[in-house]
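Working through the structure, step by step
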Amino acid sequence: MEIGDLPGWAALAVSIVSLVISYRLGVRSARASERSTEASQVSAREARRSSDAAERSAIAAEGSLALQRQEAEERQRAAEPQVELRVERTGGSSRLRLRNVGGVVATGVTIHDAPGVSTQNREFSFRTRISNVTLTPGEAREFLIYRTGNPRMPTHLWVTWQGQAERVALAVPA
């Protein structure tokens, strides 16, 4: 190209300007691409954190729901009528009555031997022994305790019934 070739020089200038503009646009595009990559990585990290938080929240909700169900079952059981037995005096020091003051039928009601109330060592002996009887709500059964080797009456009697295998101490009124 010669110095006097004006269209050649003009084409060279246009091509240099195009190259500079193209370079700057390329640099900007590369920076934007890097920022986009970083933003996508941050977004993926935040999505994982959000997913983990959602899982923790779901686990906590399941635990809370299980606790609510358990509490509801306990309230329902507490609201249901229960067997409740009471020892009453009927007259005299050895005449007693076992009464069902609860709201349901008590079956298999039995008074058991316990320390101080034993038919084996004869400190006390039962007459009209209560063993495997059924008591409807409000019903009572009389029995006698004779003091044979101990000058004092027992303070408690030990009773079981169907659904209550572990012995329950019932206070004997003074």
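Predicted, not measured: the structure shown is a model, and the values here were computed from it. (Residues numbered from 1 in each chain as written. Predicted model: local features only at pLDDT ≥ 70, side-chain atom pairs only at ≥ 80, totals over all residues. Heavy atoms only, no water.)

1. Brief notes about the overall build of the chain
- On a plain count of helices and strands, the chain comes out with one helix and eight strands.
- Traced from its N-terminal end to its C-terminal end, the chain shows the element sequence α-β-β-β-β-β-β-β-β.
- Burial analysis of the chain (174 residues in total) assigns 20% to the buried set.
- Within the chain, contacts between residues separated by at least 24 positions form 50% of all contacts whose residues are at least 6 apart in sequence.
- Surface accessibility of the chain: about 12,300 Å² in total, with carbon and sulfur atoms responsible for 53%. (Helix = DSSP H or I, 4+ residues; strand = E, 2+ residues; numbered from the N terminus. Buried < 20%, exposed > 50% of the residue type's maximum accessible area, 1.4 Å probe, protein only. Contact = heavy atoms within 4.5 Å. Areas by Shrake-Rupley, 256 points an atom, 1.4 Å probe, with all protein chains shown as cover.)

2. A word on the pairing of strand β3 (residues 106-112)
- Taking burial as the measure, the seven residues of β3 include five buried ones, the bulk of the element.
- The pairing of β3 with strand β5 (residues 133-135) spans two bridges and is classified as antiparallel. From the neighbouring strand, valine 109 faces β5, where its bridge partner is valine 133.
- With three bridges joining them, β3 and strand β7 (residues 156-161) adopt antiparallel strand pairing. Bridged to isoleucine 111 within β7 is valine 159. (Pairing = 2+ DSSP bridges.)

3. Here's the deal with the sheet that holds strand β8 (residues 164-171)
- On the basis of which strands lie adjacent, the open sheet formed by four strands has the order β5-β3-β7-β8 and antiparallel pairing. The sheet is open, and its two edges are formed by β5 and β8, each paired on a single side. Averaged over all pairs of adjacent strands, the angle between strand axes in this sheet comes to 40°, irrespective of strand direction. (Axes fitted to C-alpha atoms, helices over the stretch in contact; angles between N-to-C directions.)

4. Quick notes on the side chain of asparagine 100
- Within the element layout of this structure, asparagine 100 appears in strand β2 (residues 95-100).
- Engagement of the side chain of asparagine 100 in a polar contact is seen with the backbone oxygen of valine 104, the distance being 2.8 Å.
- Not counting residues up to four positions away in its chain, the partners in contact with asparagine 100 are Glu84, Leu85, Val105, Ala106, Leu135, Thr136, Pro137, Gly138 and Glu139. (Polar contact = N/O pair within 3.5 Å; in protein donor to acceptor, adjacent residues only side chain to side chain.)

5. As for the pairing of β8
- As paired elements, β7 and β8 share five bridges and run antiparallel to each other. Residue histidine 156 lies in a different strand from β8, and its bridge partner there is alanine 171.
- As consecutive antiparallel partners, β7 and β8 are separated by two residues, and within that stretch glycine 163 has a phi angle of approximately 95°, a positive value.

6. Quick notes on the nonpolar core
- With 18 residues, the main nonpolar core has Leu85, Leu98, Val109 and Phe143 as its most contacted residues.
- Elements with a contribution of two residues or more to this core: β1 (85-89), β2, β3, β5, β6 (140-147) and β7. (Core = buried A, V, L, I, M, F, W, Y, C linked by side-chain atoms within 4.5 Å.)

7. Re a positive patch on the surface
- Together, Arg24, Arg28, Arg31 and Arg35 line one region of the surface with positive charge.
- Relative to the elements of secondary structure, arginine 28 occurs in helix α1 (residues 6-79). (Patch = residues over 30% accessible without salt bridge, like charges linked within 9 Å, V, L, I, M, F, W, Y side chains within 5 Å. Salt bridge = Lys/Arg side-chain N within 4 Å of Asp/Glu carboxyl O. Lys, Arg positive; Asp, Glu negative; His and termini not counted. Charge placed at Lys NZ, Arg CZ, Asp CG, Glu CD.)

8. So, the environment of proline 81
- Tracing the chain through its elements places proline 81 in the loop between α1 and β1.
- On a C-alpha basis, the gap between proline 81 and glycine 102 in space is 6.8 Å, while along the polypeptide they are 21 residues apart.

9. Some details on unusual backbone geometry
- Phi angles above zero are rare outside glycine, and asparagine 132 is one such case at about 55°.
- Along the chain, the position of asparagine 132 falls in the loop between β4 (124-127) and β5.
- With relative accessibility at 58%, the residue asparagine 132 sits in the exposed group.

10. Quick look at the side chain of threonine 110
- For threonine 110, the position within the fold is in strand β3.
- For threonine 110, a relative accessible area of 14% gives the class buried.
- A polar atom in the side chain of threonine 110 sits 2.9 Å from the backbone nitrogen of asparagine 132.

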